[in-house]
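Residue-level structural notes
Here's the letter readout for the chains.
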Amino acid sequence: MKSYFMQPLRGTKDILPHEIIYWQQIYTKASDILTIHNYSEIRTPIIESTNLFERTIGESTDIINKEMYSFIDQSNRNITLRPEATASIARAFISNKLYENKLQKLWYLGPMFRYERPQSGRQRQFHQLGIECIGSLSPMADTEVIQLANKILNQLKLKDYILEINSIGNLQEREIYKIDLVEYLLQYQKDLDVDSQNRLYSNPLRILDSKNRKTQEILSNAPNLNNYLSKTSNEHFYLVCKYLDNLNISYKINHKLVRGLDYYNHTTFEIKTDSPNSQNTICGGGRYDNLIEQLGGPKTPAVGWAIGIERLLKIIRQELKLSQQKITVYVATQGLAAQAKIWEIVQNLEKEKINFELDLSNTSFQKQIKRASKLGAKFCIILGDQEINNNCITTRNLDEHKQYTICYSQFLKEIKKFKS
Ligand code: ATP
Ligand code: MG
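Description of the structure in this document. Being a predicted model, the structure only gives us computed values, none of them experimental. Here the residue numbering is sequential within each chain, running from 1 through the sequence in written order. Both sets of labels track the order of writing: A upward for chains, 1 upward for ligands. The model is predicted, so local features are restricted to residues of pLDDT at least 70 and side-chain atom pairs to those at 80 or more, both for listing and for counting; the totals for chains, interfaces and linings are taken over all residues. Side-chain descriptors were evaluated using all non-hydrogen atoms of the structure, hydrogens and water having been removed beforehand.

Side note on the packing of helix 5 (residues 139–155) against helix 9 (residues 231–246)
Angle between the axes and distance between the axes: these two values describe a pair of packed helices. Worth spelling out the cut-off: Convention adopted: a line fitted to C-alpha atoms gives each axis, helices being fitted over their contacting stretch, and angles between N-to-C directions are expressed from 0 to 180 degrees. A run of DSSP states H or I qualifies as a helix once it reaches four residues; a run of E qualifies as a strand once it reaches two. Both are numbered from the N-terminal end. Just so you know how the angles are binned, under 35 degrees is roughly parallel, over 145 roughly antiparallel, 65 to 115 roughly perpendicular, and the rest oblique. In this scheme, a crossing is called left-handed if the near helix is turned counterclockwise away from the far one by less than a right angle; it is called right-handed if the turn is clockwise. Residue contacts are counted whenever heavy atoms from the two residues lie within 4.5 Å of one another. Any residue that is not Ala, Val, Leu, Ile, Met, Phe, Trp, Tyr, Cys, Pro, Asp, Glu, Lys or Arg is counted as polar, Gly included; the first ten are nonpolar and the last four charged.
The contact between helix 5 and helix 9 brings their axes to 8 Å, and the two run at 40°. On the basis of the axis angle, helix 5 is oblique to helix 9. Crossing hand, helix 5 versus helix 9: right-handed. Two secondary-structure elements touch here, helix 5 through P139, M140, D142, T143 and I146 and helix 9 through H236, L239, V240, Y243 and L244. Classifying every residue of the contact of helix 5 with helix 9 by side-chain character gives 7 nonpolar, 2 polar and 1 charged.

See the structure below:
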């Protein structure tokens, strides 16, 4: 019987056992690198009040307009499955008074939810690895944060990627720029793509992001945000770039990089691969100095990024080529007496940290040995009526197709040998 509910929901995927090793590798590598820089992992709830996202991400953004998974719960509360984690972490920072520690360096890895059109590299449930450095205005913070993305991607063997970086200044600078940008674009209103025409009034900065050729042509003579930045903003950006130079991290300045979320200021950046499809942005981030205050917390500057794990994995999978874990020992039994006695062996294998599979099929030894070979085990331990009667145990070396039987107590003493 084929039923629609026997398939995962559109835009969601099962991560199967043979893929998990890649996820574990990403988790471990990221954790190792971030721990060296004294970042701590944080896990916030997947559901939050809808309000949290509406107030932070921005009313005229795609996420808020059309991508949120929201519902009303039994107590009539508006709840949303988190579309990203920065707002949640800012909320957690305030709820748990983490500001008492001045500086917080946090990282996370978990599922995010956006109602988008599923396609390669774009899912409705996807995962982000992200970091947030909360409490510093220093350009050193921006650089350390960017360096960490670079380091993690490098260690995960991502090749041919480019870091694009920009400064979008502070809110006041952007407001003046917006007025001039809109005034310029209004002259060409009819020639802009439909999305950009709509954004003229709701979110004009996003027009800079447009992939439409005609719109890009019009934009080539538009006022440049860069010319609207104050000395302080320019100085901040200059230092971030200078420190990146000191680290030998190459980057490209892209004055049109404004990013989709409203809460950014000063530094914005993205890491892109050279793949031709439009899902080539692996990492996006920036500075957000007003978000925490805007949510009712103390004025606290911050900077962070998020990496899309599925997009990353699609590219690095080949490079990582991780081999699946094989078992060393297969434990075959037959008969009630053997199945009662085998637990002592199980405990000894555990104690020696020898990985094994305990057969649960109760089939013939021949079938059990066949399965042991299929799983790539080196040895098969055989305990049946014959072994029970003679107080011994049989071991089969599956590589050499040799089998020998020794007395049970001797076997327990030598169990370590399976390790080598
Ligand atoms: P895009 O422009 O591709 O929609 P975005 O600007 O919405 O990306 P961010 O909110 O900055 O993305 O999220 C950071 C990263 O998370 C992205 O660069 C991408 O790698 C990943 N990501 C975002 N949305 C999705 C999705 N629907 N499916 C898979 N990965 C995603
Ligand atoms: Mg998006």
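Digging into unusual backbone geometry
To keep things clear, this is the line we draw: Burial status follows relative accessibility: with a 1.4 Å probe on protein chains alone, a residue under 20% of its type maximum counts as buried, one over 50% as exposed, and anything between as partly exposed.
The phi dihedral of N38 falls on the positive side, at around 60°, and the residue is not glycine. Relative to the helices and strands, N38 is located in the loop between helix 1 (17–36) and strand 1 (40–41). Despite not being glycine, H401 shows a phi value in the positive range, around 55°. Tracing the backbone through its elements, the reader meets H401 in the loop between strand 15 (392–397) and strand 16 (402–407). Residue H401 is classed as exposed on the basis of its relative accessible area of 59%.

As for the packing of helix 1 against helix 5
Axis separation between helix 1 and helix 5 bottoms out at 10 Å; the angle between their running directions is 140°. Between helix 1 and helix 5, the crossing angle belongs to the class labelled oblique. The interaxial crossing formed by helix 1 with helix 5 has right-handed handedness. Along its contact with helix 1, which presents K29, A30, I33 and L34, the element helix 5 presents L148, K151, I152 and Q155. Across the contact of helix 1 with helix 5, the residue classes break down as 5 nonpolar, 1 polar and 2 charged.

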